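What follows is the residue order along each chain.
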Amino acid sequence: MSAARQGALAHSIAALTTVGRQAGLVPDDVTREGERLAAAVAESSTGAAPAWLEAVGRAPDDFTAFFEAAQRGRRWRSAPTDQLTTLVLAGSEHAGAYAEALASVIDAAGALGSPGLAASANAASTTAVQRAAAQPRTTPQPAGPSVPQAPAGPPAAGPHPHGTPTRFPAPSFDPTLPSGTNPFDLGSLVGAGGLRPPAQDVVPTVDAILDALGARTPGDAAPPTHATPSGTPAVGGPQSATTGDAPAEEDTEAEPPRSLEELLAELDALIGLDRVKHEIRQQTELLRIEQLRTAAGLTRPTLTRHLVFLGNPGTGKTTVARLVAGIYRALGLLSTGHLVEVDRSELVAGYLGQTAVKTSEVVATAIGGVLFIDEAYGLAEDQYGAEAINTLVKDMEDHRDDLVVIVAGYPGPMASFIATNPGLESRFSTTITFDDYSDAELRGIFERMATSADFEPLPTTLDRFEEMVSLVPRTEGFGNGRHARNVLDGAIARHAWRLKDTPEPTLDELRRLLPEDLLPAGEAPESILQATPTEDTAPADVLDEPSSADDDLDLAEPVEDHQPDDDQPTDATVSPQEEPA
């Protein structure tokens, strides 16, 4: 059965490539899109990674490739894929066939490994998104001047005369469109601000962008006010730089920023991360003394405040970045101390020349706070990423007094990323390594998560968890806190199933997690771990899964003041249920 499922995925991706070729798309781009979409749909299923690797012809132990593909494809679970967007905007007659081919890929991906409810839900919703995008437009045109149409012909969907494909930027949805408009009707974006203009010879500066956005009057050096603050000093959560809306005016005043002592106490309350805590405290003292020397009229040393975070997923990198933003503000080094989290997809545009504009727009939202670039090594892949790096280096210099940039990722790829540009090497002189959590630390994280969710794991349950996690190899890609969350999700699902024949369970029965809730009855810890030796994905019957929005969360946070919704925090303290980056 497993081989049949892998063959189904390989066949569906090949069929997608054929449809894409007939539509005039670049076959390699189509194949890559199909692989990433499949990984994003299947990532919550136990055993999906090995099946995906075999289906796409990758090395059986290259789990990093699976996780990176899933990360790059997650956005397509709620938005049309890039190649489908290209066809729809061009009015291609192949858009419907391409959407159906994507649906076949999604269906095959949803069957990989041991799919649970989360994978099934992902597959169903993702299929609906892709099919809806290809539906004929039904919203009537408004009265008045005619709406300009998308250019048709080879420049839109066909191959470039010289063999180089035309690249299209991802459209942005216009919130001013009528409420009845299909949210995936990409045709309605034409002429509605959804398409970027062709590359211009002159790239606007960050200052010009701020002025154009109305964030300040020309010549005013104040920081932009349209970026939603998300760090410890003010209300808000980690902001996606390209999707965040300007905050509406509120009747109540924002909470005052927390003191340096409070922020350092929160840092100390995190489970584990001893080396990180020492490095952050050392950096804090260095910058504090620099401020005092400057106030005393002494020579100001040239210190870089930008940081490199190295480590596996789930080790709390984004949580610590948020604390750093608050600490820097408390020291008077940043004006707002908010956090803006992005990755390659939010910095790189569809055309050379536009990437510089897009990167500067992102930087504009982060001025006054911290720009956190996760998996920054993705910028070292091609000329588009190189353009983003060059722009970033320039903007870091232009706004060095009110902008801190933190780049994060795996140690090996990050070393290559820093070496791509001499400006990066000189600006990122401080590197902080986030070690994997120990078995005992993961036990504490699991217990804190469960307690925060109003569950009570028995001591024997915690012993069983520690035994299970001790058998997981600590290879690159190990999920750390995410692994603990996945185990808890599976335990909650099995707990509910265990009580299915209990009409009126007691309060203790509703709260207690037993050892058998961690594993299906009759299975030893080794049997589960052998199935997925290096994955941090959830058990087969998990009801939830981590997403790209979860990457900024931390299981090691204190229990106090946790938030039920990681996208809508009211302060900087993150729920213990949430998982680290």
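See above for the structure.
Residues numbered from 1 in each chain as written. Predicted model: local features only at pLDDT ≥ 70, side-chain atom pairs only at ≥ 80, totals over all residues. Heavy atoms only, no water.

Participant: Report on the overall build of the chain, specifying residues and quantitative values.
Facilitator: Looking only at helices and strands, the chain has 21 helices and eight strands in total. Counting all 581 residues of the chain, 51% fall into the buried class. Taking the contacts inside the chain whose residues are at least 6 apart along the sequence as the reference set, 75% of them involve residues at least 24 apart. Of the roughly 25,000 Å² of accessible surface on the chain, 54% is carried by carbon and sulfur atoms. (Helix = DSSP H or I, 4+ residues; strand = E, 2+ residues; numbered from the N terminus. Buried < 20%, exposed > 50% of the residue type's maximum accessible area, 1.4 Å probe, protein only. Contact = heavy atoms within 4.5 Å. Areas by Shrake-Rupley, 256 points an atom, 1.4 Å probe, with all protein chains shown as cover.)

Participant: Account for the pairing of strand E3 (residues 339-342), naming residues and giving values.
Facilitator: Side chains Leu339 and Glu341 of E3 all project onto a buried face; the interleaved residues Val340 and Val342 project onto the opposite face, where all are buried too. Of the pairings in the sheet, the one linking E3 to strand E4 (residues 370-374) comprises four bridges and is parallel in character. If you follow valine 340 over to E4, its bridge partner there is leucine 371. Each parallel crossover has a hand, and the one from E3 via helix H13 (residues 354-366) to E4 is right-handed. (Pairing = 2+ DSSP bridges. Right-handed = clockwise from strand over helix to strand, strands pointing away.)

Participant: Break down the packing of helix H11 (residues 274-295) against helix H12 (residues 317-330) for me, citing the residues and quoting the values.
Facilitator: Contact geometry of H11 with H12 gives a least axis separation of 11 Å together with a crossing angle of 20°. The angle between the axes of H11 and H12 places the two elements in the roughly parallel class. Taken as a pair, H11 and H12 cross one another with a handedness that is right-handed. Along the contact surface, H11 presents Val276, Ile280, Gln283, Thr284 and Leu287, while H12 presents Val320, Val324, Ile327 and Tyr328. Considered class by class, the residues forming the contact of H11 with H12 number seven nonpolar, two polar and no charged. (Axes fitted to C-alpha atoms, helices over the stretch in contact; angles between N-to-C directions. Parallel < 35°, antiparallel > 145°, perpendicular 65-115°, else oblique. Left-handed = near helix turned anticlockwise from the far one by under 90°. Nonpolar A, V, L, I, M, F, W, Y, C, P; charged D, E, K, R; others polar.)

Participant: Explain helix H19 (residues 481-498) residue by residue, including any values.
Facilitator: When the terminal C-alpha atoms of H19 are compared, their 25 Å separation across 18 residues agrees well with the 26 Å that a helix rising 1.5 Å per residue should span. Across the 18 residues that make up H19, a large majority, 14, are buried. (Expected span 1.5 Å × (residues − 1).)

Participant: For helix H10 (residues 260-269), give the residues involved together with the corresponding values.
Facilitator: Within H10 the residues assigned to the buried category are Leu260, Leu263, Leu264, Glu266 and Leu267. When H10 is viewed along its axis, its buried side chains cluster within an angular range of 155° and face the same direction. Here the buried face of H10 lies against H11 and H12. (Arc of directions from axis to C-beta.)

Participant: Quick rundown of the side chain of threonine 85? Include the residues and the values.
Facilitator: Looking at where threonine 85 falls in the secondary structure, it is placed in helix H5 (residues 82-89). Of note is the side chain of threonine 85, whose polar atom sits 2.8 Å from the backbone oxygen of threonine 81. (Polar contact = N/O pair within 3.5 Å; in protein donor to acceptor, adjacent residues only side chain to side chain.)

Participant: Any chance you could break down the nonpolar core for me, citing the residues and the numbers?
Facilitator: Counting residues in hydrophobic clusters, the biggest one holds 50 residues, and the most contacted among them are Ile280, Phe309, Val320, Ile327, Tyr328, Ile406 and Phe465. Per-element tally for this core: the top contributor is H12, with seven residues. The residues contacting phenylalanine 465, other than those within four sequence positions of it, are Leu442, Arg443, Phe446, Ala484, Val487 and Leu518. Membership of the second largest hydrophobic core comes to 41 residues, among which are Ala23, Val30, Ala38 and Ala39. (Core = buried A, V, L, I, M, F, W, Y, C linked by side-chain atoms within 4.5 Å.)

Participant: How would you sum up the environment of alanine 97? Please name residues and give values.
Facilitator: Structurally, alanine 97 can be placed in helix H6 (residues 95-109). What makes alanine 97 partly exposed here is its relative accessible area of 41%.

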